[in-house]
Amino acid sequence: MTDDEQLRDYIKQNAPKKAKSKPKEPKAAMPEKVRPINTPLSYYKRLIIYDFIGFSVVIVLISLVAFFLLNANSDWTNDTALLLTISFGIALYAIVTVVLVKRWQAYFEWINNKYYELKGWNEFFATRSTDFWSSRLYTPISVNFHLANDSPEVHREAIKVYIKKFGQKWGKWYEEIDWEPGVGKPKDMVTNTTSFHLDISKVEIPRLIAILTRKFNPLAKLLGSHLNRVEISYEDKESVYKLKKESRDVFDRQKS
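Keep in mind that this is a model prediction, so the values were computed, not measured.

1. Examining the overall build of the chain
In step 1: For the chain, the count of helices and strands is nine helices and eight strands.
In step 2: Among the 256 residues that make up the chain, the fraction classed as buried is 32%.
In step 3: Sequence separation of at least 24 residues holds for 78% of the intrachain contacts in the chain that already meet a minimum separation of 6.
In step 4: As displayed, the chain offers around 17,200 Å² of accessible surface, 58% of which is attributable to carbon and sulfur atoms.

The following block contains the structure:
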């Protein structure tokens, strides 16, 4: 055996074996985008923005109608009609802005405990599932008004009247809605002397906010220190109640 043959034999016997290639690990799946959790403040900011956009569309349509009417039924020139229309639109925008700023102020004062201690609202938002905000799920909620033990009878009567008034205004909110058979329906507002209870979805939250802020803050000022706190309690369960169709009356009420 020649030297070259011996070298080839040496290489063959001593060459390191190729390491077995490890199977490629599958790439980690990209985490699904998680919808940001609503907070009481971020939710209401969006609500105000949507209201402003909605009012803006209405103002533009009203202004266009006003412009055509002024042009068609007067001796004014196009420039005069346009100037009057712009002035009218600006006036409407000013009114809408004032209204929305007052609503924002009332809500901001409410969540910052200006007139009384508010409990449970932050926790209610923190415990809602993403499905609650993306679809129409219903959850039971209660609002309890706690007066001081030494509160005069007139204070207790005022709370009682307030709760009864808005219980009647809420009415049988869900009765006129045509629900899918076999799935039940959410519970309308039930009131007693110091609290009310109902099922709500994301659709009803703006109505509830209006009742507890703009409608209640004037009374809270009169109750003063005799109003200890307003406590919002809730359940974790979120139920699906499917709508088959809605009557025109219910649709109009939800828009108002």
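So that's the structure; there's more coming.
2. Section: the packing of aromatic side chains
In step 1: As enumerated under the stated definition, the model contains 26 aromatic pairs in all.
In step 2: Taken together, a centroid distance of 5.8 Å and an interplanar angle of 85° make the contact between Phe124 and Phe125 edge-to-face.
In step 3: For Phe125, a relative accessible area of 0% translates into the label buried.
In step 4: An aromatic cluster is built from Tyr43, Tyr44, Trp104, Tyr107, Phe108, Trp110, Trp121, Phe124, Phe125, Phe132, Trp133 and Tyr234, whose rings are joined through pairwise contacts.
In step 5: Looking at Arg207, its charged tip hangs above the ring of Trp173, at a distance of 3.8 Å from the centre.

3. Observations regarding a nonpolar patch on the surface
In step 1: Nonpolar side chains collect at one region of the surface, where Ile49, Tyr50, Ile53, Val57, Val60, Leu61, Leu64 and Phe68 lie side by side and expose about 810 Å² of accessible area between them.
In step 2: Relative to the helices and strands, Val60 is located in helix α2 (residues 40-72).

4. What about the pattern of salt bridges?
In step 1: With the rule as written, the count across this model stands at five salt bridges.
In step 2: Here Glu238 and Arg128 are joined by a salt bridge, their closest N and O atoms 3.1 Å apart. Remark: Arg128 occurs in the loop between α4 (121-126) and α5 (130-134) and Glu238 occurs in the loop between β6 (227-234) and β7 (239-240); sequence separation between them is 110 residues.
In step 3: In this structure, Arg136 engages Glu204 in a salt bridge whose closest nitrogen and oxygen atoms are separated by 3.4 Å. Taken together, the positions of Arg136 in the loop between α5 and β2 (137-147) and Glu204 in the loop between β5 (195-200) and α7 (205-212) put the pair 68 residues apart, joining distant regions of the chain.

5. Quick look at the pairing of β6
In step 1: Sheet analysis places strand β1 (residues 117-119) next to β6, joined by three bridges and oriented parallel. The residue bridging Lys119 from the neighbouring strand is Glu231, located in β6.
In step 2: Bridge count for β2 against β6 is seven bridges, and the pairing is antiparallel. From the neighbouring strand, Ser142 faces β6, where its bridge partner is Ser233.

6. Things to note about the confidence of the model for the chain
Detailed reading of predicted coordinates is not advised where the pLDDT is low.
In step 1: With 79% of its residues at a pLDDT of at least 70, the chain reaches an overall mean of 81.
In step 2: Considering each helix and strand of the chain separately, the mean pLDDT is smallest for helix α9 (residues 248-255), with a value of 48, and largest for β2, with 94.
In step 3: Predicted confidence is poor over residues 26-36, with pLDDT under 50, and the contacts of this stretch with residues over four places away or in other chains come to three contacts.

7. Describing the packing of α2 against α7
Two measures define how a pair of helices packs: the angle their axes make with one another and the distance between the axes.
In step 1: With their axes 12 Å apart at the nearest point, α2 and α7 run at an angle of 100° to one another. Classified by the interaxial angle, the pair formed by α2 and α7 is roughly perpendicular. The segment α2 lies against α7, with Tyr43, Tyr44 and Leu47 engaging Ile205, Pro206 and Ile209.
In step 2: Of the residues in the contact of α2 with α7, the class split is six nonpolar, no polar and no charged.

Thresholds applied
- Residues numbered from 1 in each chain as written.
- Predicted model: local features only at pLDDT ≥ 70, side-chain atom pairs only at ≥ 80, totals over all residues.
- Heavy atoms only, no water.
- Helix = DSSP H or I, 4+ residues; strand = E, 2+ residues; numbered from the N terminus.
- Buried < 20%, exposed > 50% of the residue type's maximum accessible area, 1.4 Å probe, protein only.
- Contact = heavy atoms within 4.5 Å.
- Areas by Shrake-Rupley, 256 points an atom, 1.4 Å probe, with all protein chains shown as cover.
- Phe/Tyr/Trp six-rings, centres within 6.5 Å; stacked < 30°, edge-to-face > 60°.
- Lys NZ or Arg CZ within 6 Å of the ring centre and 35° of its normal.
- Patch = residues over 30% accessible without salt bridge, like charges linked within 9 Å, V, L, I, M, F, W, Y side chains within 5 Å.
- Salt bridge = Lys/Arg side-chain N within 4 Å of Asp/Glu carboxyl O.
- Pairing = 2+ DSSP bridges.
- pLDDT = per-residue confidence, 0-100.
- Axes fitted to C-alpha atoms, helices over the stretch in contact; angles between N-to-C directions.
- Parallel < 35°, antiparallel > 145°, perpendicular 65-115°, else oblique.
- Nonpolar A, V, L, I, M, F, W, Y, C, P; charged D, E, K, R; others polar.

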